[in-house]
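Observations on the three-dimensional arrangement
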Amino acid sequence: MARGLAAGEISSRELTEDFLRRSERWQRTLNAYIEITGDRALATAKRIDALRCRGEKLGPLAGIPMALKDNISTRGVATTCASRVLAGYIPPYDAAVVEKLGDCPLLGKANLDEFAMGSSNSTSAYGPACNPWDPARSPGGSSGGSAALVAAGCAPFSLGTDTGGSVRQPAAFCGVTGFKPSYGRVSRWGLLPLAPSLDQVGVLTPSVEDCALVLQEIAGHDSRDATSAGMSVPDYRAALGTEVSGLKIGLCPEVLADCSRGVGSALAEAARELEKGGGQIISVSLPFLEEAMGAYLLIASAEAASSLARYDGVAYGYRPLSPTLAEMYLGSRVFGPEVLRRLLLGVCSQGKGGGNYELGQRVRRAIVSRLDALFGQVDLLLLPVVSHPAFRLDEEPDPLAMHYNDLYSIPANLAGLPALALPCGFSEGLPLSLQLMAPRFREDLLLAAGSWWQRRTDWHHRRPREVCS
Amino acid sequence: MKVSLTAEQLKRTAVLAKVSLPEGGLEGLIGQLEQLLDYVEKLKAFPPGGEEPVGPTSIPVGGGKTRPLSQEEVLALAPDSYRGQVRVPRVLPDE
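Residues numbered from 1 in each chain as written. Chains lettered and ligands numbered in written order. Predicted model: local features only at pLDDT ≥ 70, side-chain atom pairs only at ≥ 80, totals over all residues.

Digging into the overall build of chain B
Broken down by element type, chain B carries three helices and two strands. For chain B, the sequential pattern of α-helices and β-strands runs α-α-α-β-β. Expressed as a percentage of the 95 residues in chain B, the buried residues total 8%. (Helix = DSSP H or I, 4+ residues; strand = E, 2+ residues; numbered from the N terminus. Buried ≥ 20, exposed ≤ 12 C-beta atoms within 10 Å, placed from the backbone.)

This is the structure we're talking about:
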């Protein structure tokens, strides 16, 4: 696509119009957008085409359309977090990642779980997004709309956010590539926070190669984000095309045994392929996954309760007519059941003197130490993203069971590690994915192994039948 | 020990969280919260002790300056404005 644009074989306007047509057509089935921003997209495309005609030097993604999860601030475009609480809120500025991708026409704002709380996209106040492989099934969450759009061919790439697995799990359910960078690698300035010590912007693309291009554009230090790492960004494209020979890859047999038969078999097969490629599979133990999930519940809910305390209807967002100030505050905080549950849990977690929150952080420290020690023995960890393929939207499990969707993804958020979800098979017509996790700031290792995997398999080329017809 | 939450405790928590509880049917919500609190209760046995909690993760950053929003930009975000200041809708009724 980028080569076609650079060679003048296709214009950004033609490309954008094509993706907008597909988006409009699929919106009725997928509900993957909260808003389609066709006019803004075409204005950007026109500007880029004009610059290209004048021979201006443009970035590698200039003119390629994108979709953004609707918790990423966009100047002049409503940013709802899929919540009634933010009805009518139009940010006066672009998030840092939107600034960096300013030459990419914005197709629209993608659906998500309300305030990114959920693993199914069914907590959105705008109705659930659906999975393009089977619209009766969940696209995953919370970045479900972002993943569904890439899987359905409605957007060449999208951005999501990942607090406990919210980029990787939807990527797995929809059969696309999903990348969560290290904490600090990508600026979160302009992201509406869920849990600031865990949140990270992530990338959803059809392939690892595309992922490297997008990551290259959005990575880097930003003084407006106090947690942004002051480190140089390597050339991620240089990692593509390298081999896995000599890499030590940790695999936990107990984890495989806990997966559905389809996921377990696909991961075992992936491990065999990696060995054939010269990788060394090393058996490891991960006896802290349950504790990681417990720590996540405490930390994420307490931080969410703090993050969402700012929404009171005074300055912006939904504001009902109320006879008293107290009723106006309460009336403006019209959260759905999932957010309400997490806020209450968060307040319970903060408790007297923040006791439970501190407990969560102590456990987190212990898990970070164990992961650091593990990465002294291996270069990468091979894990499932989730233990099963996409579930039906009408058979959503209870709240605790829903959190188990993130069991294998949460450790990366607790420890700030980069992680990559890669399509690795199908079960009953639904995509399956593996997950690779690396030490902090070793995105290059993940991209190298991921691109190697996608040179040897064609799972990432498969698209839902309806879209291909 | 199983965590137990009463309706009164839930109502008090809702006041602290500044949220309204659904009318009726609190038993379901109490049950869900008890299940989650039970789950995290297990953490008290892990780790054995001595671990310091994770502190703020701030990394020293460069001295880059952010352009502040102009008055016009701020006012454009406000529900209404008057003589260069944000004017919010009346909250309290007339006396």
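Once the structure has been displayed, the description carries forward.
Comments concerning the interface of chain A and chain B
Each side of the interface is counted separately: chain A has 48 residues, and chain B has 41 residues. Element by element, the count of residues in the side of chain A that touches chain B is highest for helix H13 (residues 355–374) of chain A, at nine residues. Broken down by class, the residue content of the side of chain A that touches chain B amounts to 28 nonpolar, 11 polar and nine charged. (Contact = placed C-beta atoms within 7 Å. Nonpolar A, V, L, I, M, F, W, Y, C, P; charged D, E, K, R; others polar.)

Comments concerning the sheet that holds strand S4 (residues 158–161) of chain A
Residue and element names in this part refer to chain A. One open sheet holds the 11 strands; their spatial order is S1-S3-S2-S4-S6-S5-S10-S11-S9-S7-S8, and the pairing between them is mixed. In the strand order of this sheet, the two ends are held by strand S1 (33–36) and strand S8 (280–283), each with one partner. With strand direction ignored, the average angle separating the axes of adjacent strands in the sheet is 25°. On the sheet, helix H2 (residues 12–30) packs against S1 and strand S3 (106–110) and is oriented at approximately 135° with respect to S1. Where helix H16 (residues 443–456) meets the sheet, it contacts strand S9 (380–384), strand S10 (419–427) and strand S11 (430–437), and its direction lies at approximately 20° from that of S10. (Pairing = 2+ DSSP bridges. Axes fitted to C-alpha atoms, helices over the stretch in contact; angles between N-to-C directions.)

Observations concerning the environment of Glu273(A)
All names here are of chain A. As for its position among the elements, Glu273 is in helix H9 (residues 261–276). Given 16 C-beta atoms within 10 Å, Glu273 falls into the partly exposed group. Between the C-alpha atom of Glu273 and that of Trp453, which follows or precedes it by 180 residues, the distance is 8.5 Å.

Description of helix H3 (residues 38–53) of chain A
Residue and element names in this part refer to chain A. The end-to-end C-alpha separation of H3 is 22 Å, in line with the 22 Å expected for 16 residues at 1.5 Å each. Buried residues belonging to H3 abut H2 and S3. Looking one or two places after H3, you find Gly55, whose phi comes out positive at around 80°. (Expected span 1.5 Å × (residues − 1).)

What about unusual backbone geometry?
Residues and elements named next belong to chain A. Looking along the chain, the bond that leaves Gly141 and enters Ser142 is cis, with omega of 10°. For Ala82, which is not a glycine, the phi torsion comes out positive at approximately 55°. Its place among the elements puts Ala82 in the loop between strand S2 (66–69) and helix H4 (96–100). Even without being glycine, Ala116 reaches a positive phi, approximately 65°.

Remarks on the pairing of strand S7 (residues 248–251) of chain A
One ladder, built from four bridges, connects S7(A) with S8(A); its direction is parallel. Paired with Lys248(A) across the strands is Gln280(A), a residue of S8(A).

Things to note about the packing of helix H10 (residues 289–307) of chain A against helix H2 (residues 26–41) of chain B
Across the interface, H10(A) lies against H2(B) with an axial gap of 8 Å and an inter-helix angle of 120°. One finds that H10(A) runs oblique with respect to H2(B). For H10(A) against H2(B), the interelement crossing comes out left-handed. Residues Gly294(A), Leu297(A) and Leu298(A) of H10(A) form the contact with H2(B), whose own contacting residues are Leu36(B), Tyr39(B) and Val40(B). Class assignment for the residues of the contact of H10(A) with H2(B) results in five nonpolar, one polar and no charged. (Parallel < 35°, antiparallel > 145°, perpendicular 65-115°, else oblique. Left-handed = near helix turned anticlockwise from the far one by under 90°.)

Keep in mind these numbers describe shape, not what the thing actually does.
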